[in-house]
Amino acid sequence: MSKIQAQANVPTDYGEFKMMAFSEDDKNWMPHMALIAKNTDFEKPVNVRIHSECITGEVFHSQKCECGQQLDTAMKYMQENGGIIIYLRQEGRNIGIINKLKAYALQEKGLDTVQANLELGLPADDRDFGVAIEMLDQIGVKSVNLMTNNPDKIQFVKNSKIDFNSRIPLQIKSNDASASYLKTKKDFFGHLLDEEN
Ligand SMILES: Nc1nc2c(ncn2[C@@H]2O[C@H](COP(=O)(O)OP(=O)(O)OP(=O)(O)O)[C@@H](O)[C@H]2O)c(=O)[nH]1
Ligand SMILES: [Zn+2]
């Protein structure tokens with residue numbers, strides 16, 4: 001069971017968040033994180049972004065995906081409207097950075113993001129969002145407005161003890177490098193993305 005191991009208020013470019021580290025014990029160097037904006041109202045459905053780690057996109061500004069821009073947009077939104085970011089250490093849809101780079105190498109040869117994972121003998125998506133539900137429950141969230149385009153995430157919340165109130169879209173414009181990745185998300189995973197992307 002993941003529990004709050006430590007918390008502190010941290011000022012960011014977007015405003016201050018209470019940052020919490022969740023883990024089974026305090027020895028874990030990569031705990032899941034919760035970022036809570038100060039103006040979050042727990043009496044109403046809470047705006048929540050459940051975000052999976054992407055070091056290439058968020059730290060190194062890779063153009064192959066829109067994860068970095070999604071995280072920045074979510075942080076700004078939560079500061080403006082109140083809300084929480086649940087940051088999960090699920091790099092590469094939970095196959096890890098080594099496998100993700102192997103998958104990228106296969107993508108250079110023409111495979112799409114799903115084919116590349118399958119070629120490596122890995123599932124297209126190996127994530128389980130149960131820990132996000134545990135974290136929200138411990139923070140005291142009862143009902144959410146979920147910021148996502150991913151129907152699986154919505155279904156996961158709907159099947160959990162947390163009430164799903166509404167979806168907040170999180171669409172970033174594609175570029176030349178990310179267009180095929182976004183097309184696969186839409187065609188294979190059924191992501192709720194507008195036509196022009
Ligand atoms: N295996 C693999 N993972 C990727 C690839 N590109 C991005 N990711 C990972 O995908 C995760 C983000 O998930 P996405 O499927 O892009 O989006 P989502 O979280 O399901 O949906 P949204 O809530 O709408 O953003 C991050 O962990 C990224 O590291 C790729 O080509 N292969
Ligand atoms: Zn990414």
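Residues numbered from 1 in each chain as written. Chains lettered and ligands numbered in written order. Predicted model: local features only at pLDDT ≥ 70, side-chain atom pairs only at ≥ 80, totals over all residues.

### Concerning the overall build of the protein
Counting its regular elements, the protein contains eight helices and seven strands. The C-alpha radius of gyration computed for the protein amounts to 17 Å, which stays within 12% of the reference 16 Å derived for 197 residues, consistent with globular compactness. Counting contacts in the protein only where the partners sit at least 6 residues apart, residues at least 24 apart contribute 55% of the total. (Helix = DSSP H or I, 4+ residues; strand = E, 2+ residues; numbered from the N terminus. Rg over C-alpha atoms; globule rule 2.2 N^0.38 Å. Contact = placed C-beta atoms within 7 Å.)

### Details of the pairing of strand S7 (residues 163-168)
Two strands pair when backbone bridges link them, and strand S6 (residues 143-147) and S7 are joined in this way by five bridges, in the parallel orientation. Across the sheet, residue Asn145 finds its bridge partner in S7, namely Ser166. Taken together, S6, helix H7 (residues 151-158) and S7 form a β-α-β motif whose crossover is right-handed. (Pairing = 2+ DSSP bridges. Right-handed = clockwise from strand over helix to strand, strands pointing away.)

### Observations regarding the site of ligand 1
Around ligand 1, a shell composed of 23 residues is seen, among which Ser52, Cys54, Thr148, Asn149 and Asn150 lie nearest. Sorting the residues of the shell around ligand 1 by element identifies helix H2 (67-81), helix H3 (91-94), helix H4 (97-108), helix H5 (113-119) and helix H8 (179-187) as the ones contributing at least two each. Considered class by class, the residues forming the shell around ligand 1 number seven nonpolar, 10 polar and six charged. A domain split of the shell around ligand 1 shows at least three residues from each of domain 1 (3-90 + 127-174) and domain 2 (95-126). (Near = placed C-beta within 6 Å. Nonpolar A, V, L, I, M, F, W, Y, C, P; charged D, E, K, R; others polar. Domains from an automatic or database assignment.)

### What about the UniProt feature "binding site: Zn(2+)" (unreviewed entry) in the protein?
As annotated in UniProt, the feature "binding site: Zn(2+)" (unreviewed entry) corresponds to Cys54, Cys65 and Cys67 in the numbering used here. Locating Cys54 in the fold gives a position in the loop between strand S4 (46-52) and helix H1 (55-58). The class of Cys54 is buried, set by 23 C-beta atoms lying within 10 Å. Sequence-distant contacts of Cys54, defined by excluding residues within four places in its chain, comprise Cys65, Cys67 and Glu91. Following the sequence through the fold, Cys67 ends up in helix H2. Residue Cys67 is classed as partly exposed on the basis of its 19 C-beta neighbours within 10 Å. (UniProt positions renumbered as here; feature names shortened; annotations may be inferred. Buried ≥ 20, exposed ≤ 12 C-beta atoms within 10 Å, placed from the backbone.)

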